[in-house]
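Chains, contacts and geometry: an overview
Here is how the chains run, residue by residue.
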Amino acid sequence: MLFASRHLAGQEPAMSLGGSITLEDLETDPYPWYARLRRGEPVCWVPVARAVFVTRWADVVRVIGDDRVFSAELAGSPLSMTIGRNLLHSDGDYHAAVRAPLAAALRPSRVRKTMAGLVGELAGELAGGLRKRGEADLVGEFAERLSVGALCEITGLPPLPAETMRGWFTAIAVGAANFDRDAGKQAVADAASGEIDDLVSAQLRRGAPPDSLLAALPGVEVEGRKLTGAEISATVKLLIVGGMQEPRDLIGQAMYAYCTDSRVRAAVADGSATEAHLVEEALRWGSPVGTATRRVTEPVEIGGTELAPGTVVAAVLASANRDEARWVDPDRFDPLRQDLRHLAFGGGFHACVGAPLARLEATTAVAALLRMAPDMELAGDGAAHGWEFRGRAALPVRWPPTTLVRRQRKPVAATRAMVVAERTSECATVLGLRLVPADGAALPEWAPGAHIDVHTPAGVRQYSLCGDPEDAGGWRIAVLDNGKGVSAWLHASLRVGDHLEITGPRNHLGLGDAPAYLFVAGGIGITPIRAMVAAADARGVPWQLLYVGRESGMPFADELRAYGEHARVWLTGERGRPDLHEELVTADGTAVYCCGPPSLVSAVEAFAAARGLPPVRVERFALPGGAENVLRAGERSFDVVLHESGRRLRVGADETVLQALERAEVLVPSTCRQGTCGSCETAVLDGEPDHRDSVLSHEERAAGEVLMVCVSRARTPALVLDL
């Protein structure tokens, strides 16, 4: 199907799903509609929004990451019509010039230095004022006031009542979501916009406080000139929208989950979930900002749909953050979820510049509220509304008189000592290991697709569990001898009776329910698939396996051949690469799982898309595109040492520092993953960084005191990070 710019003029194609959606549906609860769109029409014209909705994770990542094909220049968008030319809907030199002072002021280190004390003091003061009452509205009486206080401080606006700022935000939000071009709604938005114009103009005449954003913006040079008063005011309006709404609604989402879900409460109480994990999951699950809007600049195909230049695309961040192909049980709020990368703050060059401040406010607020009343519970409706901006107008809670409870922190994932019980040869190049607990205790349950981290003197690496999930006495892994790193050490040095430390298990792949399964594995990629095949066969659900590779690197081949016609072992040395379209037969709704090298994964993803199947659930050998874009030929491995714990992590030549940290379950907030937003900035205590970001100044690079872990590396054998 082709979407052309003419569709925006009222000649929309009839769509079975998009045409059925109303603005009321979206405002009330958009998530059931997003799920239907992901399953049935992942790229879909939605007339009430005057945009093509893109709803699947992979497609949304592509839209927000490719600023050449998907431009943010949208002069005619409801937001631009309400506040004027702005950072969010601009590209190129204008966007870079206006963003620069904001990014400099809102980097994590600057935010911690300039705002942490004020935010902590304000959160403590607000919580203290509520404590004795035993009840409160956490949105109106806490989150809004905290957000407004922080916003006025960093922008340089005079102190304002929360009610005034709420009124402005609400009116601008009405204009920003005025897709039906209602004159009455626009009048409300324009009136608030005019009041902000007057305030900004008066504050500039008086002189904004030094080091505030309002003091920095008049000096910005763009297109050979200074910013106009209207452009400065538009930037302030955008800061009001983001600075008021994102932390307010994020706090509301996190505390709603805490007050209504016993599993969340228990995880916080026993210390297995930190405030930071609660906030990150609230960002994924609640997505305060629903979409990122773009305009197509050249013909492009996405999700099997052709889009013509001029098409307006809404990349639905909220939908991507609950995509079943990306997340296990995505509609459940899980504070112990291990994969922390979400799209709540967008991504790429237009990643939310205020993300570090929003995170600081939310984590500080959650900590203050839980100290105040760890046994608080919901005392009213507290329902969420909205789709472009989703949050709770009120969150009424109550609590009995209580004392402060200090929680003992413990690691999110357990690290345990294991002993090598068996060492076997699974094929010419693959070593099999059976690991049993050193203390003889029963091991925790795991499900097909799970993996563990194996800690060795050569570093830490993940290996899929490939044995029987019913075996509570031991875990099996298979290790390909690739001649380097951890795998080479395990082959050469590990013997029966030796001890190892492992962390986990964790499961990002997961075997969900489906009418049929297709498994495709390449070589050692069979390891997570082996247990999935056994589980599918036990369920009695139709399934098929295509196992591709060279015989010398294909463990469990004979075992899998025993399944008969369900499983095919394809030897590339004898038959070359298979043509998936000729070799595989699938039915509607077949769930596809793939693990193997990038070329195989890409081929399987293309095959599934062509057959109209759900997105492929993938475990990759190589890193995703974001990391490949920043890694260079000839990269060297190095170590990072975590100062607080003394842990030493090996950063491989084929991964980023951020990925090594995420592999070790070390939480470092990150948004753009391209070195442009500064949200992953981490202090360096020793060693020399190799800076590859576009955030730091020459002086800051020379000082070597911070590192953007998403892209930068090390010039020395090790870096000591303040983590």
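Predicted, not measured: the structure shown is a model, and the values here were computed from it. Position numbers for residues count from 1 along each chain, tracking the sequence in the order it is written. In keeping with the model being predicted, local features are shown solely for residues with a pLDDT of at least 70 and side-chain atom pairs are shown and tallied solely at 80 or more, while totals for entire chains, interfaces and linings include all residues. With hydrogens and water excluded, all non-hydrogen atoms of the structure serve as input to the side-chain values.

**Here's the deal with the overall build of the protein chain**
- Going along the chain from the N terminus, every DSSP run of H or I of four or more residues is numbered as a helix, and every run of E of two or more is numbered as a strand. If you tally the helices and strands in the protein chain, you get 24 helices and 33 strands.
- Residue burial is assigned from relative accessible area. The probe radius is 1.4 Å, only protein chains are included, and a residue is buried under 20% of its type maximum, exposed over 50%, and partly exposed in between. Expressed as a percentage of its 723 residues, the buried residues of the protein chain come to 56%.
- Throughout, a contact is declared for two residues whenever any of their heavy atoms are within 4.5 Å. Of the contacts formed within the protein chain by residues at least 6 apart in sequence, a portion of 68% connects residues at least 24 apart.
- Neither His nor the chain ends contribute to the count of charged residues, in which Lys and Arg are positive and Asp and Glu negative. To locate a charge, the coordinates of NZ of Lys, CZ of Arg, CG of Asp or CD of Glu are taken. Counting 75 positive and 92 negative side-chain charges, the protein chain places the centres of these two groups 2 Å from one another.

**Considering the packing of helix α8 (residues 162-176) against helix α11 (residues 229-260)**
- Contact pair α8 / α11: the axes reach a minimum separation of 10 Å and the direction vectors enclose 105°. Judged by the angle between their axes, α8 and α11 are roughly perpendicular. The residues of α11 that touch α8, namely those facing Ala162, Met165, Arg166, Trp168, Phe169 and Ile172, are Lys237, Ile240, Val241, Met244, Gln245 and Arg248. To define axes, lines are fitted to C-alpha atoms, for helices over the stretch in contact only, and angles between the resulting N-to-C directions are given on a 0 to 180 degree scale. Any angle from 65 to 115 degrees is called roughly perpendicular, while one under 35 is roughly parallel, one over 145 is roughly antiparallel, and all others are oblique.

**Topic: the packing of helix α9 (residues 183-206) against α11**
- Relative orientation of the contacting elements α9 and α11 amounts to 115°, with a least axis distance of 9 Å. Overall, the two elements α9 and α11 adopt an arrangement that is roughly perpendicular. In terms of crossing hand, the pair formed by α9 and α11 is right-handed. Touching Ser193, Ile196, Asp197, Val200 and Leu204 of α9 are Ile232, Ser233, Val236, Lys237 and Ile240, all from α11. Handedness of a crossing is defined here by the sense of rotation of the near helix relative to the far one, left-handed for an anticlockwise turn of less than a right angle and right-handed for a clockwise turn.

**Considerations on the packing of aromatic side chains**
- Side-chain rings of Phe, Tyr and Trp, where Trp is taken by its six-membered ring, are said to pair if the distance between their centres is within 6.5 Å; with planes under 30 degrees apart they count as stacked, over 60 as edge-to-face, and otherwise as tilted. This structure, assessed with the given rule, holds nine aromatic pairs.
- Look at Tyr517 and Phe519: their rings are 5.8 Å apart centre to centre, the planes differ by 15°, and that puts the pair in the stacked class. Both residues of the pair, Tyr517 and Phe519, count as buried.
- Among the aromatic residues, those joined into a ring-pair cluster are Tyr517, Phe519 and Tyr593.
- The ring of Tyr256 carries Arg392 above its face, with NZ or CZ at 3.7 Å from the centroid.
- Ring-over charges, as used throughout, are those where CZ of Arg or NZ of Lys falls within 6 Å of the ring centre and within 35 degrees of the ring normal. Geometry around Phe556 places Arg530 over its ring, the cationic atom sitting 4.0 Å from the centre.

**A look at the sheet that holds strand β4 (residues 70-71)**
- Here a strand pair is declared whenever DSSP counts at least two bridges between the two strands. Read across the sheet, five strands follow the order β2-β3-β11-β8-β4 without closing on themselves; strand pairing throughout is mixed. The sheet is open, and its two borders are formed by β2 (43-46) and β4, each paired with just one other strand.
- As judged from the five bridges shared by strand β8 (residues 291-296) and strand β11 (residues 312-316), these two strands associate in the antiparallel manner. Considered in β11, the bridge of Ala292 is made with Ala315.
- Most of the contacts of helix α3 (residues 57-65) go to β11, to which it runs at about 125°, and overall it touches β2, β3 (51-54), β4, β8 and β11.

**Concerning the pairing of β11**
- Most of β11 is tucked away: five of the five residues are buried.
- Burial of β11 is two-sided: the residues Val312, Ala314 and Val316 facing one way and the residues Val313 and Ala315 facing the other way are all buried.
- With three bridges connecting them, β3 and β11 associate as parallel partners. The residue of β11 that forms the bridge with Val54 is Ala315.

**A closer look at helix α21 (residues 598-610)**
- To estimate the expected span of a helix, count its residues, drop one, and scale the result by 1.5 Å. Helix length check: α21 (13 residues) gives 18 Å between terminal C-alpha atoms against 18 Å at 1.5 Å per residue, within 8%.
- Buried within α21 we find Leu600, Val601, Val604, Phe607 and Ala608. Down the axis of α21, the sector holding all buried residues measures 125°, keeping them to one side. Seen from the open side of α21, the exposed residues pointing more than 90 degrees away from its buried face are Ala609 and Ala610.
- Residue Gly612 follows α21 closely and has a positive phi angle near 70°. Of all possible arcs, the one meant is that of the directions from the helix axis to the C-beta atoms.

**Brief notes about the nonpolar core**
- Here the nonpolar core consists of buried residues drawn from Ala, Val, Leu, Ile, Met, Phe, Trp, Tyr and Cys, with membership extended through side-chain atoms lying within 4.5 Å. Core analysis: the biggest nonpolar cluster contains 92 residues, and Phe142, Leu146, Met165, Met255 and Met376 have the highest contact counts within it.
- Here this core takes 14 residues from α11, the largest share from any one element.
- Here Leu146 is in contact with Val119, Leu122, Ala123, Leu126, Ile251, Glu361 and Ala365, once residues within four sequence places are set aside.
- By size, the runner-up hydrophobic cluster in this structure holds 31 residues, among which are Cys466, Tyr547, Phe556 and Leu571.

**A short note on the confidence of the model for the protein chain**
- A residue's pLDDT is simply how confident the predictor is in it, with values from 0 to 100. Averaged over all residues, the pLDDT of the protein chain is 86; the fraction at 70 or higher stands at 93%.
- Looking across the protein chain, the model is least confident in strand β1 (residues 2-3), with a mean pLDDT of 38, and most confident in helix α14 (residues 317-320), with 97.
- This model gives residues 402-413 a pLDDT under 50, and the stretch forms 30 contacts once residues within four places in sequence are excluded.
- Under a pLDDT of 50 for its full length, residues 622-629 has, in the predicted model, eleven contacts with residues more than four places off or in other chains.

**Some words on the sheet that holds strand β15 (residues 396-398)**
- Spatially, the three strands line up as an open sheet ordered β5-β15-β12, and their pairing is antiparallel. Looking along the sheet, the strands with just one partner apiece sit at the ends: β5 (135-137) and β12 (377-378).

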